[in-house]
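# Notes for the structure review
Here is what each chain is made of, one letter per residue.
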Amino acid sequence: MESLYKSVAIIGKYASGSESSDIESQLLELAQYLTSKHINIFIEAKTHQSGKFQAFKSITLEEIGAKADLAIVVGGDGTMLGVARSLVNFDIPLIGVNQGRFGFLADLNTSNMLESIDEIFRGSSYKDKRMLLQSKIFRGTTCIHESLALNDVVVRSGSRLIELEVSINGSFVHKQRSDGLVVTTPTGTTAYALSAGGPILHPELEAISIVPISPHTLSNRPIAVSSQSVIEIHVVSMDESYLSIDGQLKVPLEPRDRVEIKRAEKMITLLHPKDYCYFEMLRKKLNWG
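Here goes a summary of the coordinates provided. These numbers were taken from a predicted model, which means no experiment stands behind them. (Residues numbered from 1 in each chain as written. Predicted model: local features only at pLDDT ≥ 70, side-chain atom pairs only at ≥ 80, totals over all residues. Heavy atoms only, no water.)

### Here's the deal with the pattern of salt bridges
- Counted according to the given criterion, the structure contains 11 salt bridges.
- One salt bridge in this structure joins glutamate 163 and lysine 175, with 3.7 Å as the shortest N-O distance. Of this pair, glutamate 163 sits in strand S9 (residues 162-168) while lysine 175 sits in strand S10 (residues 171-178), placing them 12 residues apart in sequence.
- The exposure class of glutamate 163 is buried, given its relative accessible area of 18%.
- Looking at lysine 175, the relative accessible area reads 43%, which means it is partly exposed.
- Glutamate 165 serves as the salt-bridge partner of lysine 175, at 3.5 Å between the closest nitrogen and oxygen. (Salt bridge = Lys/Arg side-chain N within 4 Å of Asp/Glu carboxyl O. Helix = DSSP H or I, 4+ residues; strand = E, 2+ residues; numbered from the N terminus. Buried < 20%, exposed > 50% of the residue type's maximum accessible area, 1.4 Å probe, protein only.)

### Focus: the nonpolar core
- With 27 residues, the main nonpolar core has Leu34, Ile72 and Phe121 as its most contacted residues.
- Only strand S1 (7-12), helix H1 (17-36), strand S2 (40-44), strand S4 (70-75), strand S5 (94-98) and helix H5 (113-121) provide two or more residues apiece to this core. (Core = buried A, V, L, I, M, F, W, Y, C linked by side-chain atoms within 4.5 Å.)

### A word on the packing of aromatic side chains
- All chains considered together, the criterion is met by three aromatic pairs.
- For the ring pair tyrosine 278 and phenylalanine 279, a centre distance of 5.8 Å and an interplane angle of 75° mean the geometry is edge-to-face.
- The exposure class of tyrosine 278 is buried, given its relative accessible area of 8%.
- Directly above the ring of tyrosine 242 sits lysine 250, whose terminal nitrogen or CZ lies 4.6 Å from the centroid.
- Positioned over the ring face of phenylalanine 138 is arginine 258, at 4.3 Å from the centre of the ring. (Phe/Tyr/Trp six-rings, centres within 6.5 Å; stacked < 30°, edge-to-face > 60°. Lys NZ or Arg CZ within 6 Å of the ring centre and 35° of its normal.)

Interpretation note: all reported values are geometric properties and have no functional meaning in isolation.
Okay, here's the thing in structure tokens:
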């Protein structure tokens, strides 16, 4: 059967040492295999520079949206998060091949990636739509920063407790002293929010979870709200704090800053083999019985 995808961009984790050679060999194997299937292959520019990919065309992340039908990411969930934020406006589906420790997003194994990708290319796939969060920092009436997050937006103390006021849809919820607050998509509930004691939300739920980090008052509990909610976090007092986006971007905060978080307009699409099961993935990754 003819492939559904004619032009494919391959993006690799930027690594060093022995890990770098392992990833390079896997990327080359994947690129050569797809080329043998008469698929037009591009290698993302920084990935191209990091290995022996001279036989393949180089492409920037910005160009992938115009030239590729699909992106395959070989790395871990961190690599997937960065790529997803960069490509969300282009409606390009992503396939993740896991080179990390968990692989909640990058779920294909390197041992069977060719067989799994073959299956997806023939149209036997599960399309998994994931929501993102849009966050803005206001200093006075001026928006000083805006970001998208696939996992979470975190207001975090640098050292001592910070005091925050939380409002949802204009209604005051509570004031809390804590190490911070995680606002997460269903995707991000298996990341930082999970270790902070938050619930796991199935990716198909239209919800946002708000999870306090080590609250001084133990009755401050995680809550889940509609994905249509607008969440505002006011920084009341602090010694040092910052806003973290997917654990990858950090923006310093000041007292009286206001962080506004809501669902982003665009979603990303992850492609899995047809037999993908979210609960089976959780059992394997979290070592459930």
